[in-house]
Amino acid sequence: MDKDDKTVAPVDDASGEAGKRRRTTRDASRKMMEDRPREQSDWEEKIIQVRRVTKVVKGGKKLSFRAVVAVGNGKGQVGVGVGKSAEVVGAIQKGVVDAKKSMVSVPMTGATIPHQVIGCQGSTRILMKPATKGTGIIAGGAVRAVLELAGVGDVLAKCLGSRSPLNVARGTIDGLTQLRTFEEVSRLRGISIRQMLN
């Protein structure tokens, strides 16, 4: 038999067409998913600290990661959470869920806080003072992250005592929960704002 006399098996056009149709449908659906506008979330996240921690167990040491995360919407709501997992990504996700469970509302006067306050957590004390317009956030580390996410624009803050990032973040939240507006205080005392300020 010569090389020219080889018989070629007929190709089933139906299966080829079906495969092409499936690919076209898949590509079209993928394009639709990409073109569809994604829902923009108001919540913003900031990772304050990620640490590798160990737990001593019978067989040795068990390594895991601890993430301290702050979540806020920049409109007066903020929370701090902690997550632990064998992987960094898992720890951050757990921290975000924990932070959303412990949200606090921050009363504000313009872009600053209504009055001076000291927040405490363990041996950490966070001093926060109202500031004039244009001052910005004069704070460092975890305090700055929490205040930015809360939407506070002008504030003076100082960390006194321990500077552990988790305690600093929780101390800041404690201070923000103590804030009261003039309206709230006057209503609680049963007097007008003018009488209270005189």
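What comes next is a walk through the structure. Bear in mind the structure is a predicted one, so any value in this text is a computation, not a measurement.

With respect to the overall build of the protein chain
- Counting its secondary structure elements, the protein chain contains six helices and eight strands.
- Secondary structure elements of the protein chain, listed N to C terminal, follow the sequence α-β-β-β-α-β-β-β-β-α-β-α-α-α.
- A total of 198 residues make up the protein chain; the buried ones form 33% of that total.
- In the protein chain, of all internal contacts separated by at least 6 residues, the share reaching a separation of at least 24 is 56%.
- Put simply, the protein chain shows about 13400 Å² of open surface, and 51% of that area lies on carbon and sulfur atoms.

Examining the sheet that holds strand β1 (residues 44-57)
- Read across the open sheet, the four strands follow the order β1-β2-β3-β4; overall the sheet is antiparallel. On the outer flanks of this sheet lie β1 and β4 (104-105), each paired with one strand and no other.
- Inspection of the sheet shows strand β3 (residues 77-85) paired to β4 by two bridges, in the antiparallel sense. Paired with Q77 across the bridge in β4 is S105.
- Against the sheet, helix α2 (residues 88-101) touches β1, β2 (60-72) and β3, its axis set at about 145° to β3.

Some words on the side chain of T124
- Structurally, T124 can be placed in strand β6 (residues 124-130).
- For T124, a relative accessible area of 0% gives the class buried.
- A polar contact is formed between the side chain of T124 and the backbone oxygen of S162, at a distance of 3.0 Å.

Definitions and limits used
Residues numbered from 1 in each chain as written. Predicted model: local features only at pLDDT ≥ 70, side-chain atom pairs only at ≥ 80, totals over all residues. Heavy atoms only, no water. Helix = DSSP H or I, 4+ residues; strand = E, 2+ residues; numbered from the N terminus. Buried < 20%, exposed > 50% of the residue type's maximum accessible area, 1.4 Å probe, protein only. Contact = heavy atoms within 4.5 Å. Areas by Shrake-Rupley, 256 points an atom, 1.4 Å probe, with all protein chains shown as cover. Pairing = 2+ DSSP bridges. Axes fitted to C-alpha atoms, helices over the stretch in contact; angles between N-to-C directions. Polar contact = N/O pair within 3.5 Å; in protein donor to acceptor, adjacent residues only side chain to side chain.

So far we have only geometry, and geometry alone does not tell us how the molecule works.
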